[in-house]
Amino acid sequence: MALSGVQIFKLLPKTNCKKCGHPTCLAFAMKLAQRQVSLDLCPDVSEEAKKVLGEASAPPIRSVTLGAGDKAVKMGEETVLFRHDKTFVNQCAFAVEVKDTMSADEINAVVDQVLGSEIERVGQKLRIDAIFVSNASGDAGKFEAAVKAIAAKAPEVPLILSTTNPAAAEASVKAVAANKPLLYGANKSNVDAMASVAKTHKVSLGVAAEDLDGLTELTDKIKELGVEDMVLDSGARTAKEIMRDNTYIRRAALKKGNKSVGYPVITFAQRDDVMLETLIASLGVMKYASIIVMSSIDRWKSLALFTLRQNIYTNPQVPLQVKQDIYKLGTPTSDAPLLITSNFSLTYFIVSGEIEGSKVPVRLAVLDTEGLSVLTGWAAGKFTAAKIAQFIQESGIEKEISHKELIIPGYVAILSGSIEDKLPGWKITVGPREANGLPAFLKARTN
Amino acid sequence: MAFTAPNETFGGKVFQIDAGIDKKIVFGGEDVLPFHLFEGNVPNRPVVAYEIQDVPPEDWPETIKKVYEGVSGDPVTWAKYCQDKLNAKAIALRLIGTHPDRQNRSPEDAAKTVKDVLAAISIPLIILGSNHVEKDAAILLAAAEAAKDKNCFLGKAQEENYKTIAAACMANNLKLIAMSQLDINLSKQLNILITQMGFEKENLVTDPMCSGLGYGLDYTYSVMERIRLAALTQNDATMQMPMLADVGMNAWKAKEAIATEAELPIGGVLEQRAIAWEAVTATALMIAGSEILIMRHPEAVKAVEKFIDELM
């Protein structure tokens, strides 16, 4: 829990020596409480104060990184329970399970799928983030061979190495230690040996408990053993358990300052029914998982989950925006209608959806209104005659089309005269107010 | 050290509501956040209603249209198919053919369709207009008379037409769905306006306006979460109505539910993609707080029901 300025003051030397650059220890303590300065500025602080203050100033959910390099995934550091309060910080990672009992060809096929999973949606690059390698065979040699083969083929993809056998853990972690894999599988019977492997190779440790009590005991013990970076598995497997444990963990860390569970969470979604697996993974996206392990990653499934993750992790205060451009919907000929709208993604999606539904090919000009809708953009001076005229002129669209008619949203009918003034030779037509009026409007024009 | 469960209990509770005569559906009634069975009472599971319409679904994408081939030509056959073959718990009849841009069917046509469907099924019926505010006032008035005393839901009442529709509900002993435009305050305001007419707040369902996965789902999700939090933490009786998610019509509008694999190679197989689009949209909105969902594809419904089984 965060300490108050007065609580911090009590831990300082109280000499008012000014070496930290502040007039008094109390002033320094106040700044520390607001997390505006670092404790390092005080040359005389005691070891005990460092320990207490260091713990108090740590984020409630520890930052842990999965993997190394460009494809590394940052996890943890979350600050809220609900996305409308503040943007969720670090997007959850999607991982696919590969078992060391699978044939080399089968393993290769999954790795290929992961490597080819990257897509772009609304300006973001999305991909399957990690491979979860499980020691299903129980054989250390087989496991090491599988891990090495995957790392050789996909050296940049973060790995989660799942085994409860410390000897298998040691060999496989050693082989790929530079990639900073997550070693998953410290439980109550192997905890000392697994913590030792994680500590030796400086990798993070996944903690596999049977319930939340057991989880707390394990993380406390592992911390004592000198491993700080952990990922939590409370043992939750059904949707009901995932909902309960992930909520408890997030709440306890954020609202109760419970450091024992202040770590990222791994959620297992594997099901025989792939559609159900998709929904369990969806639950993980919404309810606080940092890693979601799945048994397969077909493209349709990845696309749905990427999209959900984007929806959940987007900043609720800053609307998603579409790039300013003139978009072709269908295959418009040179005499197809030209419409204009704002770049608020919701506006764009609804308008383009209605147009596509109408099957009438058009060109849709999307003006950068900084993510405001048409009417709000107009009121805020972002959807104005001058901006529309400038955009149309600079777009060079005049050379591409055989007419000079621009259809504007009905809500800004008032702009039609001034746009005509600023775009000589153009005819401005007022379209429907709502997007759902577009199909009828467009069809009436073609008839 | 043992883990201390950080349970939270609230002062408020969502109203419980039912529909139907012979085979009833009941939803709402929980006094905690969605599916928080570990800290309170969640007496009912969310209900999925199958969407049908008064006219053949010519505008539905191929993947969903083909599921109802042979039965969707007539709403009675379609409704019976959902009830008898798909084991639907409820039917949502959308009178889309009454829209002036569609067949512009009359209030009399709508009333007859409602009567015929009601006569053919024993499960509860949700009667929906075409979302044309002027036309809906007339259509839903006629539909309400046709459904008198059948304990149906009627909607959607909006700011522009709620008076007529709410009055029709009261006169015919029906329950009402009130839709506002993706804003917690507008939703609250419409609930207040409707209850000020003397409409019982316990007979009201809120539709904060649904959106599909990738197409504004984030807005609906947060508006629903905020409505539910207000209902529970502030014990605000004007926000304690169960929430409706009109999932099918939004999910099946998405490009991802329509485009073939050739048109959208990053999306993989169309059929599964489209089903997932509907099922994931429904799942997200249930987690956000929706208790009654209107859906189209039987496979999406099946997955969602299995998911609820695991959650409850």
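Worth saying up front: this structure is predicted, and the values here are computed from it rather than measured. (Residues numbered from 1 in each chain as written. Chains lettered and ligands numbered in written order. Predicted model: local features only at pLDDT ≥ 70, side-chain atom pairs only at ≥ 80, totals over all residues. Heavy atoms only, no water.)

### Section: the overall build of chain B
Here is step 1: From N to C terminus, chain B includes 10 helices and 10 strands.
Here is step 2: The globule rule puts the C-alpha radius of gyration for 312 residues at 20 Å, and the 19 Å found for chain B is close to it.
Here is step 3: Principal-axis analysis of the C-alpha atoms places the extent of chain B at approximately 65 × 55 × 35 Å.
Here is step 4: The buried share among the 312 residues of chain B stands at 63%.
Here is step 5: Considering only contacts within chain B whose residues lie at least 6 apart along the sequence, 68% involve residues at least 24 apart.
Here is step 6: Accessible area of chain B: about 10800 Å², with a carbon and sulfur share of 50%.
Here is step 7: One finds the centroid of the 30 positive side-chain charges in chain B at a distance of 4 Å from the centroid of its 42 negative side-chain charges. (Helix = DSSP H or I, 4+ residues; strand = E, 2+ residues; numbered from the N terminus. Rg over C-alpha atoms; globule rule 2.2 N^0.38 Å. Buried < 20%, exposed > 50% of the residue type's maximum accessible area, 1.4 Å probe, protein only. Contact = heavy atoms within 4.5 Å. Areas by Shrake-Rupley, 256 points an atom, 1.4 Å probe, with all protein chains shown as cover. Lys, Arg positive; Asp, Glu negative; His and termini not counted. Charge placed at Lys NZ, Arg CZ, Asp CG, Glu CD.)

### Focus: the side chain of aspartate 136 of chain B
Residue and element names in this part refer to chain B.
Here is step 1: Turning to its location among the elements, aspartate 136 is positioned in helix 4 (residues 133-146).
Here is step 2: For the buried aspartate 136, which has no salt bridge, the nearest side chain bearing the opposite charge is lysine 135, at an N-O separation of 8.0 Å.
Here is step 3: At 2.8 Å, the side chain of aspartate 136 forms a polar contact with the backbone nitrogen of serine 130.
Here is step 4: Ignoring any residue separated from it by four or fewer positions in sequence, one finds aspartate 136 in contact with Gly129, Ser130, Asn131, Leu141, Lys156, Asn161 and Ile165. (Salt bridge = Lys/Arg side-chain N within 4 Å of Asp/Glu carboxyl O. Polar contact = N/O pair within 3.5 Å; in protein donor to acceptor, adjacent residues only side chain to side chain.)

### Brief notes about unusual backbone geometry
Here is step 1: The step from glycine 155 of chain B to lysine 156 of chain B runs through a cis peptide bond, and the omega angle for that step is 5°.
Here is step 2: Residue position: lysine 156 of chain B is located in strand 6 (residues 153-157).
Here is step 3: The phi dihedral of lysine 202 of chain A is positive, around 55°, even though this residue is not glycine.
Here is step 4: Looking at where lysine 202 of chain A falls in the secondary structure, it is placed in the loop between helix 7 (191-201) and strand 9 (204-208).
Here is step 5: Using a relative accessible area of 62% as the deciding quantity, one classes lysine 202 of chain A as exposed.

### A few points about a nonpolar patch on the surface
Here is step 1: A cluster of nonpolar side chains, namely Val6, Leu26 and Met30 of chain A, defines an oily patch on the protein surface of about 230 Å² accessible area.
Here is step 2: Position of leucine 26 of chain A among the secondary structure elements: in helix 2 (residues 25-33). (Patch = residues over 30% accessible without salt bridge, like charges linked within 9 Å, V, L, I, M, F, W, Y side chains within 5 Å.)

### Side note on helix 14 (residues 385-395) of chain A
All names here are of chain A.
Here is step 1: Taken together, the buried positions of helix 14 are Ala385, Ile388, Ala389, Phe391 and Ile392. One side of helix 14 carries all its buried residues, which in axial view fall inside an arc of 165°.
Here is step 2: Here the buried face of helix 14 lies against strand 13 (325-329), strand 14 (338-342), strand 15 (362-367), strand 16 (405-408) and helix 15 (416-422).
Here is step 3: Phi turns positive one or two residues past the end of helix 14, at glycine 396, with a value near 75°. (Arc of directions from axis to C-beta.)

### Looking at a negative patch on the surface
Here is step 1: A grouping of Glu434 of chain A together with Glu134, Glu159 and Glu160 of chain B is seen on the molecular surface, where their side chains present a negatively charged patch.
Here is step 2: With respect to the helices and strands, the residue glutamate 134 of chain B is situated in helix 4.

### Side note on the domain arrangement of chain A
Here is step 1: Domain boundaries in chain A define domain 1 (5-57), domain 2 (64-312) and domain 3 (325-446).
Here is step 2: Between domain 2 of chain A and domain 3 of chain A, the C-alpha centre-to-centre distance is 46 Å. (Domains from an automatic or database assignment.)

### Things to note about the sheet that holds strand 3 (residues 93-99) of chain A
Residue and element names in this part refer to chain A.
Here is step 1: The strand order across the open sheet formed by eight strands is 10-9-8-7-6-3-12-11, and the pairing between neighbours is parallel. Lying at the two open borders of the sheet, with one neighbouring strand each, are strand 10 (230-233) and strand 11 (266-268). Strand after strand, the sheet turns through a mean of 25° between neighbouring axes, direction not considered.
Here is step 2: Sheet strands in contact with helix 4 (residues 104-115) are strand 3 and strand 6 (130-134), and its direction is about 170° off that of strand 3. (Pairing = 2+ DSSP bridges. Axes fitted to C-alpha atoms, helices over the stretch in contact; angles between N-to-C directions.)

### Looking at the packing of helix 10 (residues 274-286) of chain A against helix 11 (residues 299-313) of chain A
Residues and elements named next belong to chain A.
Here is step 1: Taken N-terminus to C-terminus, the directions of helix 10 and helix 11 make an angle of 20°; their axes are 10 Å apart at the nearest point. In terms of orientation, helix 10 lies roughly parallel with respect to helix 11. Regarding helix 10 and helix 11, the two cross each other, and that crossing is right-handed. Within the contact between the two elements, helix 10 uses Val274, Met275, Glu277, Thr278, Ala281, Ser282, Val285 and Met286 and helix 11 uses Trp300, Lys301, Leu305, Leu308, Arg309, Ile312 and Tyr313.
Here is step 2: Its residues placed into classes, the contact of helix 10 with helix 11 shows 10 nonpolar, two polar and three charged. (Parallel < 35°, antiparallel > 145°, perpendicular 65-115°, else oblique. Left-handed = near helix turned anticlockwise from the far one by under 90°. Nonpolar A, V, L, I, M, F, W, Y, C, P; charged D, E, K, R; others polar.)

### Points about the packing of aromatic side chains
Both the distance between ring centres and the angle between the ring planes are used here to describe each pair of aromatic rings.
Here is step 1: This structure, assessed with the given rule, holds 16 aromatic pairs over all chains.
Here is step 2: With centroids separated by 6.2 Å and ring planes inclined at 55°, the aromatic side chains of tyrosine 248 of chain A and phenylalanine 3 of chain B adopt a geometry described as tilted. Of this pair, tyrosine 248 of chain A sits in helix 9 (residues 239-255) while phenylalanine 3 of chain B sits in the segment before strand 1 (16-19), each in a different chain. Side by side, tyrosine 248 of chain A and phenylalanine 3 of chain B carry an identical accessibility label, which is buried.
Here is step 3: Measuring from centroid to centroid gives 5.8 Å for phenylalanine 344 of chain A and tyrosine 219 of chain B, while their planes differ by 85°, and the two rings are edge-to-face. Residue phenylalanine 344 of chain A is located in the loop between strand 14 and helix 12 (345-358), and its partner tyrosine 219 of chain B is located in helix 7 (residues 217-233); the two belong to separate chains.
Here is step 4: Linked through ring pairs, Tyr327, Tyr348 and Phe349 of chain A together with Tyr215 of chain B together constitute an aromatic cluster.
Here is step 5: If you follow lysine 14 of chain A out to its NZ or CZ, it ends over the ring of phenylalanine 9 of chain A, 5.9 Å from the centre.
Here is step 6: Lying across the ring of phenylalanine 88 of chain A, arginine 250 of chain A places its NZ or CZ 5.7 Å from the centre. (Phe/Tyr/Trp six-rings, centres within 6.5 Å; stacked < 30°, edge-to-face > 60°. Lys NZ or Arg CZ within 6 Å of the ring centre and 35° of its normal.)

### Notes on the pairing of strand 10 (residues 290-295) of chain B
Residue and element names in this part refer to chain B.
Here is step 1: Among the six residues in strand 10, six count as buried, and that is most of the element.
Here is step 2: Across four bridges, strand 3 (residues 47-53) lies against strand 10 in parallel orientation. Residue valine 48 lies in a different strand from strand 10, and its bridge partner there is leucine 293.
Here is step 3: In this structure, strand 9 (residues 243-245) lies alongside strand 10, joined through three bridges in parallel fashion. Across the sheet, alanine 245 pairs through a bridge with leucine 293, a residue of strand 10.

### Here we look at empty space enclosed by the protein
Residues and elements named next belong to chain B.
Here is step 1: All told, the structure shown has six cavities of 30 Å³ or more when counted by the stated rule.
Here is step 2: The computed volume of the largest cavity comes to approximately 110 Å³.
Here is step 3: Around the largest cavity, the lining comprises 13 residues; the ones closest to its centre are Glu30, Pro34, Phe35, Pro46 and Glu291.
Here is step 4: Across the lining of the largest cavity, the residue classes break down as six nonpolar, four polar and three charged. (1 Å grid on protein atoms, 1.4 Å probe; cavity = no way out; pocket = protein on both sides within 12 Å on 5 of 7 lines; lining within 4 Å. Points joined across faces, edges and corners; volume = space filled by probe spheres on them.)

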